[in-house]
Amino acid sequence: MPQQPPEGEKPLLTVRGLTKLFGSFKACDEIDLDIGHGEIHALLGENGAGKSTLVKMLFGILAPSAGTIGWEGLDRVIANPAAARRLGIGMVFQHFSLFEALTVAENIALSLDEKISISELSKKAAELSVAYGLPLDPNAHVADLSVGERQRIEIVRALLQNPKLIILDEPTSVLTPQEADKLFETLFKLKAEGRSVLYISHRLEEVQRICDRATVLRHGKVTGACDPRQETPASLARMMVGADVAGVEKVEPPADGAVQLQVSNLSVSPRTPFAMALKNVSMTVKAGEILAIAGVAGNGQSELFDALSGEYVVQNPDAIRLRGKSVGRLGINERRLLGAGFVPEERHGHAAIPAMSLSENLFLSRNASDRSAYLAGGKIGLIRHGLVQQAARRISEMMDVRKSGEDPAAGSLSGGNLQKFIVGRELDRQPSVLVVNQPTWGVDAGAASRIRQALVDLAKSGSAVVVISQDLDEIFEVATSIAAISEGKLSDAYPASTMTRQRIGILMGGVHGLTTAPEAAHAH
Ligand code: ADP
Ligand code: MG
């Protein structure tokens, strides 16, 4: 086991001028980074800042275009992951590379460079999982495991190589708060043994909680190195985005708004073997209210969105009522005509067609009769065309969409700007009910704050809003009431003011109602 180094010893890792070009694009631009022995070092930055690219160079997956990587005082060329592992670098990826049909031990065996028997491996893996608080059954089939358990396999597999540095790429984005707490205990244990951790995240709160130092990246460059505990969330955010991020001004929960969306005992059987069933989902959303639905990915969020939007029509018309009308059997266009708006999770392909211009994309979501008039061409078509371009301009201004021309192809916008346009497209119609799935997934902090403020403003103007989100910070920023979805079941909803991360975590873990809560926002 590596020991705590004596004072003044060289850092474990010394990165100098490390650069990665994709064509002429600099994903990493002359990065300097030192990691000492026994420290938990955060790599912070918005989506697209270059974090994953940097660690892929450290782990031998990408070859640097320029710069050096020093390891224990010597410059090294890390040609591939096996070479990285031999030096003592372990990595837990953002997207797991596991075979579902194989057992835990078989998956681990596949990744090892030396050959050892499955039984010996199972024994070692079981020992490590006990020693580091990572409960895992080596004989379990991966297909039967939760995301948190799958991540533990990746961690145990990295630990088997006895690494001096372990790199984790956004490990908590797939975990409940309780699972994340368990992971942090493991990291503290690794640190106590003198191992170092490079921890990638864009969550300021957890970086402040667990990391000794932080290096912040923006547009591929280091914009700061600091002790995160000496910083405020605002100062860290400024380093990440290069400007002050506007806080979202909250909406007050409605005193007594009219019910706009009522879902009663909605059940949907899974459409594919990988889909989740919806089981007796009920919710009530009033004018002026923002109901946020928390949950770990893959617990029925997209199925719920499809059923609410009418992309997937349900059997019982009364299961979904929009402003008093039973709409279970109506499709998305008919629901839009009744005053509802929908923003799906997938920007490309689903919400927008990348090759089409913004105004053409705008047209896709307007109602079908508009569309056929447009496609029919002629005079009406031309007038409509002009109106649509005007609307596209209005939406771009309202949402501060940064783009390269007057009406460029949707695919040419950055993720955050396209998402602002897509949300703005729905808001432009002043929907009385808006349902959004993961509204700011993968967009930069500035765009996220703009989008969240727009949702709050819509509720203030008297609409009912449902926000399905995996991001607890987002949920606390916008929600007036909060529920969680787990295994296709929706919990009771509670006033946001009565909720904490821990309480949401309990609901995300599948407990339907909290016993210690004052009162559910809406009794079912
Ligand atoms: P982060 O992990 O901080 O979100 P990444 O390192 O994944 O960011 O990406 C940094 C930038 O490099 C992004 O703009 C991304 O689109 C770009 N990029 C990443 N990998 C490639 C690649 N293989 N080819 C071209 N561009 C890439
Ligand atoms: Mg990344």
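The rules behind the values
- Residues numbered from 1 in each chain as written.
- Chains lettered and ligands numbered in written order.
- Predicted model: local features only at pLDDT ≥ 70, side-chain atom pairs only at ≥ 80, totals over all residues.
- Heavy atoms only, no water.
- UniProt positions renumbered as here; feature names shortened; annotations may be inferred.
- Phe/Tyr/Trp six-rings, centres within 6.5 Å; stacked < 30°, edge-to-face > 60°.
- Helix = DSSP H or I, 4+ residues; strand = E, 2+ residues; numbered from the N terminus.
- Buried < 20%, exposed > 50% of the residue type's maximum accessible area, 1.4 Å probe, protein only.
- Lys NZ or Arg CZ within 6 Å of the ring centre and 35° of its normal.
- Pairing = 2+ DSSP bridges.
- Near = heavy atom within 4 Å.
- Polar contact = N/O pair within 3.5 Å; in protein donor to acceptor, adjacent residues only side chain to side chain.
- Areas by Shrake-Rupley, 256 points an atom, 1.4 Å probe, with all protein chains shown as cover.
- Nonpolar A, V, L, I, M, F, W, Y, C, P; charged D, E, K, R; others polar.
- Contact = heavy atoms within 4.5 Å.
- Axes fitted to C-alpha atoms, helices over the stretch in contact; angles between N-to-C directions.

- The name given to the protein in an unreviewed UniProt entry is ABC transporter ATP-binding protein, and the organism recorded there is Agrobacterium albertimagni AOL15.
- UniProt's Subcellular location (unreviewed entry) comment on the protein is quoted here verbatim: "Cell membrane".
- Quoted verbatim from the Sequence similarities (unreviewed entry) field of the UniProt record, the comment on the protein reads "Belongs to the ABC transporter superfamily."

### Some thoughts on the packing of aromatic side chains
Here is step 1: Summed over the entire model, instances satisfying the criterion amount to three aromatic pairs.
Here is step 2: Seen from their ring centres, Phe-59 and Phe-93 are 5.9 Å apart, and the 75 degrees between their planes marks the pair as edge-to-face. One end of the pair, Phe-59, is in the loop between helix 1 (51-58) and strand 4 (66-71); the other, Phe-93, is in the loop between strand 6 (89-92) and helix 3 (104-111), with 34 residues separating them in the sequence.
Here is step 3: Residue classification places Phe-59 among the buried positions, given a relative accessible area of 4%.
Here is step 4: Taking the relative accessible area as the measure of exposure, Phe-93 reaches 24% and is therefore partly exposed.
Here is step 5: Note on Phe-184 and Tyr-199: the rings are 6.4 Å apart at their centroids and 70 degrees apart in plane angle, and the pair reads as edge-to-face. Note that Phe-184 is positioned in helix 6 (residues 177-192) and Tyr-199 in strand 8 (residues 196-201), a separation of 15 residues in sequence. The exposure classification of Phe-184 matches that of Tyr-199, with both residues buried.
Here is step 6: Its end group placed over the ring of Tyr-132, Lys-189 keeps NZ or CZ at 5.1 Å from the ring centre.

### Observations concerning the pairing of strand 16 (residues 340-343)
Here is step 1: The two faces of strand 16 match: Ala-340 and Phe-342 on one face and Gly-341 and Val-343 on the other face are all buried.
Here is step 2: Sheet analysis places strand 16 next to strand 17 (residues 433-437), joined by four bridges and oriented parallel. By the bridge assignment, Val-343 is partnered in strand 17 with Val-436.

### Remarks on the site of ligand 1
Here is step 1: For ligand 1, the full set of nearby residues is Phe-22, Phe-25, Ala-27, Glu-46, Asn-47, Gly-48, Ala-49, Gly-50, Lys-51, Ser-52 and Thr-53.
Here is step 2: In the environment of ligand 1, an oxygen atom lies 3.1 Å from a nitrogen or oxygen atom belonging to the backbone of Ala-49.
Here is step 3: For ligand 1, an oxygen atom lies 2.9 Å from a polar atom in the backbone of Lys-51.
Here is step 4: Surface burial for ligand 1 is 59%, taken as the share of its 570 Å² of free accessible area covered by protein chains.
Here is step 5: For the shell around ligand 1, the secondary structure elements donating two or more residues are strand 2 (25-35) and helix 1.
Here is step 6: Class assignment for the residues of the shell around ligand 1 results in four nonpolar, five polar and two charged.

### Overview of the sheet that holds strand 11 (residues 259-268)
Strand pairing in a sheet takes place through backbone hydrogen bonds and is either antiparallel or parallel in direction.
Here is step 1: Overall, antiparallel pairing links the four strands, which are arranged 12-11-14-15 in an open sheet. Edge positions in the open sheet fall to strand 12 (278-286) and strand 15 (325-326), since each of these has one partner strand only.
Here is step 2: Sheet topology note: the strand 11/strand 12 ladder contains six bridges and is antiparallel. Residue pairing across strands places Gln-262 opposite Thr-284, the latter belonging to strand 12.
Here is step 3: Helix 9 (residues 301-309) rests against strand 11, strand 12 and strand 14 (320-322) of the sheet, and its axis sits at about 60 degrees to strand 12.

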